[in-house]
Amino acid sequence: MKRLFTKTTVRFLPALVLVVLALLSAFWAPREVLTGWLAFSVFLSTLLLGGFFFLMLTAIIPGGWSGPVRPAAAQLSVCMPLLALSLVPVLLATHTVFPWSGDETLAGFREFYLSPASFIIRTVLILLVLLVLNRQLLRRGSRALAIWALLIFMLVQNLMVTDLVLSLDPDFHSSGFGLYLLSIQALTGFSAIVWLRLGGREGSRQERRVLGALLLVMLLCWAYFTFMQYFILWSGNLPSPAAWYERRGSGVWLLLERLLAILRLLPAFLMLFTPFRQGRTWLLLFSALSMLGTLLEIAWLILPELHRYGWGSFAYLAPALGLLLLARVGLRFAPEAPAVPTLEVKR
């Protein structure tokens, strides 16, 4: 046991070193590094909240599809405290990360809402609500609880997305941004579920059919909400949304945008054909490309708010690489998924 513990600890060290290096680099470029760390926290939230989202759905809509999905969703939900932990540096450095902090031109409700104290209190309360709901749903798994949890989740998720991402540009407003981020969370969380289910085993044909069909649905949902977000803002023809998209439509961000479209739309097209939709190798490939696409998309959403991208990109990619190393260790040494109550459907 001691030898196994030592070997496992050594496997965790590279990830820990990357995280420490990312945080220490804040001494050289505080705003860039902490904004990059914020981007990492948002990326982490897409995995964990995506898992929590499917944990709720499988409790609300039981059936044959929930069997392959629910255990892996529970494995992701168990890691929810990591999200709260990752947001601690952001909360401690609110004055550094967000441009509205200390802005004396704000007045009225905006002055109250966009204040460090209000932001910290809201974020802490949202995280507490999510952690309590997650814990209760893992322990009880009742349908009624899942319904209430989903309703509350939709509200607090929209608030959290607005605070962490949208408020980086206080002049930019979008009523559909929460649903757009939810589509990213659902796609990324489900892609992780596919890897947890098929990464170390072949899986039955029925299981691959379910996972393939749902992955295609998540890709199409992402495409729909991404387009609608852009179309609504484009039709409004307002200066602040135009400036927001302009910063992301030139230089390296334009290349990133095109690469993202390929990573998402090409798998969606190929999965219209049965061999691609039900093959284990193809499902693992497409889910990996979806998670890579999310890594690029979160960078595209957050990092253009910086004037210099170097330190921010390092602080984003270093812990993300550490997360990948942790995932490899977790797949090999992690305990079984927590027991989730089986739901009976009354006919």
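Before any of the text, the structure's been laid out above.
The rules we used
Residues numbered from 1 in each chain as written. Predicted model: local features only at pLDDT ≥ 70, side-chain atom pairs only at ≥ 80, totals over all residues. Heavy atoms only, no water. Phe/Tyr/Trp six-rings, centres within 6.5 Å; stacked < 30°, edge-to-face > 60°. Helix = DSSP H or I, 4+ residues; strand = E, 2+ residues; numbered from the N terminus. Buried < 20%, exposed > 50% of the residue type's maximum accessible area, 1.4 Å probe, protein only. Lys NZ or Arg CZ within 6 Å of the ring centre and 35° of its normal. Expected span 1.5 Å × (residues − 1). 1 Å grid on protein atoms, 1.4 Å probe; cavity = no way out; pocket = protein on both sides within 12 Å on 5 of 7 lines; lining within 4 Å. Points joined across faces, edges and corners; volume = space filled by probe spheres on them. Nonpolar A, V, L, I, M, F, W, Y, C, P; charged D, E, K, R; others polar. Core = buried A, V, L, I, M, F, W, Y, C linked by side-chain atoms within 4.5 Å. Contact = heavy atoms within 4.5 Å. Salt bridge = Lys/Arg side-chain N within 4 Å of Asp/Glu carboxyl O. Patch = residues over 30% accessible without salt bridge, like charges linked within 9 Å, V, L, I, M, F, W, Y side chains within 5 Å. Areas by Shrake-Rupley, 256 points an atom, 1.4 Å probe, with all protein chains shown as cover.

Chemist: Give me the lowdown on the packing of aromatic side chains, citing residues and values where you can.
Modeler: According to the stated counting rule, one finds 26 aromatic pairs in the structure shown. Where Phe 98 meets Phe 119, the ring centres are 4.9 Å apart and the plane angle is 55°; that geometry is what we call tilted. Note that Phe 98 is positioned in the loop between helix H6 (94–97) and helix H7 (108–113) and Phe 119 in helix H8 (residues 116–139), a separation of 21 residues in sequence. Given a relative accessible area of 1%, Phe 98 falls into the buried group. What makes Phe 119 buried here is its relative accessible area of 0%. Grouping aromatic residues by their ring pairs yields a cluster made of Phe 172, Phe 177, Tyr 180, Tyr 230, Trp 244, Tyr 245 and Trp 300. A cation over a ring is seen here: Arg 122 above Tyr 113, with NZ or CZ 3.6 Å from the ring centre.

Chemist: Could you give an account of helix H2 (residues 30–60), with specific residues and numbers?
Modeler: The end-to-end C-alpha separation of H2 is 44 Å, in line with the 45 Å expected for 31 residues at 1.5 Å each. Burial analysis of H2 places 29 of its 31 residues in the buried class, the great majority of the element.

Chemist: Give me the lowdown on empty space enclosed by the protein, citing residues and values where you can.
Modeler: For the structure shown, the criterion picks out one cavity of 30 Å³ or more. One number sums up the size of the largest cavity: a volume of about 70 Å³. Taken together, Val 42, Ser 45, Met 160, Val 161, Leu 164, Val 165, Leu 181 and Gln 185 make up the full set of residues lining the largest cavity. Residue assignment for the lining of the largest cavity shows that the elements contributing at least two residues are H2, helix H9 (143–164) and helix H10 (177–198). For the lining of the largest cavity, the per-class residue count stands at six nonpolar, two polar and no charged.

Chemist: Could you give an account of the nonpolar core, with specific residues and numbers?
Modeler: Counting residues in each nonpolar core, the largest one holds 110 residues, and the members touching the most others are Phe 54, Phe 177, Phe 190 and Leu 301. Broken down by element, the residue count for this core peaks at 20 residues, all from H2. Those residues in contact with Phe 177, other than ones at most four positions away along the chain, are Val 161, Val 165, Leu 166, Phe 172, Gln 229, Trp 244 and Leu 301.

Chemist: Tell me about the pattern of salt bridges, and name the residues and values.
Modeler: When their charged atoms lie close together, side chains carrying opposite charge are able to pair. What the rule picks out here adds up to seven salt bridges. For the salt bridge of Arg 247 with Asp 169, the shortest nitrogen-to-oxygen distance reads 2.8 Å. Taken together, the residues Arg 247 in helix H12 (residues 239–247) and Asp 169 in the loop between H9 and H10 connect sequence positions 78 residues apart. Given the relative accessible area of 11%, Asp 169 is considered buried. Linked through salt bridges whose partners overlap, the residues forming this network are Asp 169, Arg 247, Arg 248 and Glu 305.

Chemist: Talk me through a nonpolar patch on the surface; I want residue IDs and the actual numbers.
Modeler: On the surface, Leu 13, Leu 16, Val 17, Val 20, Leu 21, Leu 24, Phe 27, Trp 28, Trp 311 and Phe 314 cluster together into a nonpolar patch covering about 1000 Å² of accessible area. Breaking the nonpolar patch down by element, the ones donating at least two residues are helix H1 (2–24) and helix H16 (310–333). Per element, the largest residue contribution to the nonpolar patch is six residues, and it comes from H1. In this structure, Trp 28 sits in the loop between H1 and H2. Its relative accessible area of 64% is what places Trp 28 among the exposed residues.

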